[in-house]
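What follows is each chain in one-letter form.
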Amino acid sequence: VKVTNGTYVLSKPIFIQGKNITLKSEKGSRYTTTDGNYKTRCFYISACPRTIIDGFTITRGRQAYGGGGVYLVYSGVVQNCVITDNAATNGSSGGGIVSSYGGTIYNCIISNNAADQAGGGVLFKRGGEIQNSTIVNNIADVGGGISCSGVTKIVGCTLRTNVANTVGGGISFFGASGVISNCYL
């Protein structure tokens with residue numbers, strides 16, 4: 001599905017379940033924005049391993065149960081996106097993105113997101129993968145940039161100026177194993 005340039009202010013999340021589709025902006029993240037208006041999460045993708053969100057700015061999402069910008073459940077791909085100024089509130093985790101039971105983040109900028117608990121930028125619950133992305137200026141209690149549980153791959157990423165109030169300013173792993181390769185920390 002090709003999405004026309006513009007800013008789309010949301011009153012509820014864009015919800016995709018069980019359908020493998022690609023949502024692609026016409027000209028990329030500089031021209032196409034999903035805006036949660038500080039009231040709702042922007043995307044919720046469930047049970048769609050081949051669903052792709054491509055070329056959006058995803059901003060001002062808020063969610064009391066994590067994943068202020070995007071929540072991926074059982075896979076899905078977010079690529080070529082800017083995920084900025086989102087929050088997980090009311091004691092939850094994953095300000096910018098939650099990836100639960102897999103999911104891939106590729107070539108994204110994840111900045112200025114916040115979570116009350118873990119993963120200001122990204123929370124990987126039970127694994128996932130992030131490649132060639134920049135994670136900057138995110139904040140959480142644990143894992144300001146990225147927080148991981150389960151097997152997680154972090155490849156070719158830059159993490160800088162992320163803040164954690166307790167542990168793991170850039171990255172935290174809890175009961176998890178993972179690969180960090182070719183990253184700038």
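A quick note: this is a predicted structure, and the numbers were derived from the prediction, not measured. (Residues numbered from 1 in each chain as written. Predicted model: local features only at pLDDT ≥ 70, side-chain atom pairs only at ≥ 80, totals over all residues. Heavy atoms only, no water.)

A. Here's a closer look at the packing of aromatic side chains. What the rule picks out here adds up to four aromatic pairs. Ring geometry for phenylalanine 43 against phenylalanine 56: centres 5.9 Å apart, planes inclined by 65°, an arrangement best described as edge-to-face. Here phenylalanine 43, found in strand 6 (residues 43-46), pairs with phenylalanine 56, found in the loop between strand 7 (52-54) and strand 8 (57-59); they are 13 residues apart in sequence, far enough to count as distant. Ring centres of tyrosine 44 and tyrosine 71 lie 5.5 Å apart, and the angle between their planes is 25°; on these two criteria the pair is classed as stacked. One end of the pair, tyrosine 44, is in strand 6; the other, tyrosine 71, is in strand 10 (residues 70-73), with 27 residues separating them in the sequence. For tyrosine 44, a relative accessible area of 22% puts it in the partly exposed group. One aromatic cluster is present, built from ring pairs that chain together Phe15, Tyr44 and Tyr71. (Phe/Tyr/Trp six-rings, centres within 6.5 Å; stacked < 30°, edge-to-face > 60°. Helix = DSSP H or I, 4+ residues; strand = E, 2+ residues; numbered from the N terminus. Buried < 20%, exposed > 50% of the residue type's maximum accessible area, 1.4 Å probe, protein only.)

B. Structural context of unusual backbone geometry. The phi angle at serine 75 is positive, at roughly 90°, despite the residue not being glycine. Looking at where serine 75 falls in the secondary structure, it is placed in the loop between strand 10 and strand 11 (77-79). Even without being a glycine, asparagine 112 presents a positive backbone phi close to 60°. In this fold, asparagine 112 is placed in the loop between strand 16 (109-111) and strand 17 (114-115).

C. Representation of the pattern of salt bridges in the model. Taken as a whole, this structure holds four salt bridges when the rule is applied. Its salt-bridge partner being lysine 24, residue aspartate 54 comes within 3.2 Å of it at the nearest N-O pair. Note that aspartate 54 is positioned in strand 7 and lysine 24 in strand 4 (residues 22-25), a separation of 30 residues in sequence. A residue is classified by how much of its surface remains accessible, and lysine 24, at 35% relative accessible area, is partly exposed. The partner of lysine 153 in a salt bridge is glutamate 129, with the nearest N and O atoms 4.0 Å apart. With a gap of 24 residues between them, lysine 153 in strand 23 (residues 152-155) and glutamate 129 in strand 19 (residues 128-131) connect regions that are remote in the sequence. (Salt bridge = Lys/Arg side-chain N within 4 Å of Asp/Glu carboxyl O.)

D. The side chain of serine 147, seen in detail. Position of serine 147 relative to the elements: it lies in strand 22 (residues 146-149). Setting aside anything within four residues of it in sequence, one finds serine 147 in contact with Ala118, Gly119, Val122, Leu123, Phe124, Val142, Ser172 and Phe174. (Contact = heavy atoms within 4.5 Å.)

E. Main features of the sheet that holds strand 20 (residues 134-136). The seven strands lie next to each other as 2-5-8-12-16-20-24, forming an open sheet whose pairing is parallel. Of all strands in the sheet, those bounded by a partner on one side alone are strand 2 (6-9) and strand 24 (158-160). On average, each strand axis in the sheet is tilted by 10° relative to the strand beside it, whichever way the strands run. Alignment of strand 5 (residues 32-35) against strand 8, held across three bridges, turns out to be parallel. The partner of threonine 34 across the bridge, within strand 8, is isoleucine 58. (Pairing = 2+ DSSP bridges. Axes fitted to C-alpha atoms, helices over the stretch in contact; angles between N-to-C directions.)

F. Region of interest: the environment of glycine 55. Within the secondary structure layout, glycine 55 lies in the loop between strand 7 and strand 8. According to the relative accessible area criterion, glycine 55 is buried, its value standing at 3%. Spatially, the C-alpha atom of glycine 55 lies 8.5 Å from that of leucine 23, the residues being 32 residues apart in sequence. Beyond its immediate stretch of four places on either side in the chain, glycine 55 contacts Ser25, Gly28, Ser29, Thr32, Gln79, Asn80 and Cys81.

G. Region of the structure containing the state of the cysteines. The final tally for this structure, using the stated rule, is zero disulfides. Cysteine cysteine 42 remains unbridged, with the sulfur of cysteine 81 as its closest cysteine sulfur at 11 Å. Free of any disulfide, cysteine 183 has its nearest neighbouring cysteine sulfur in cysteine 157, separated by 4.8 Å. (Disulfide = S-S within 2.5 Å.)

H. The arrangement of the sheet that holds strand 26 (residues 171-173) in detail. Taken together, the seven strands give an open sheet; going across it, the order is 3-6-10-14-18-22-26, and neighbouring strands pair in parallel fashion. The sheet terminates laterally at strand 3 (14-17) and strand 26, the two strands that pair on one side only. Across the sheet, the mean angle separating the axes of adjacent strands is 5° when strand polarity is ignored. Of the strand pairs in this sheet, strand 22 and strand 26 are connected by three bridges, and their pairing is parallel. Residue pairing in the sheet places serine 147 in a bridge with serine 172 of strand 26.

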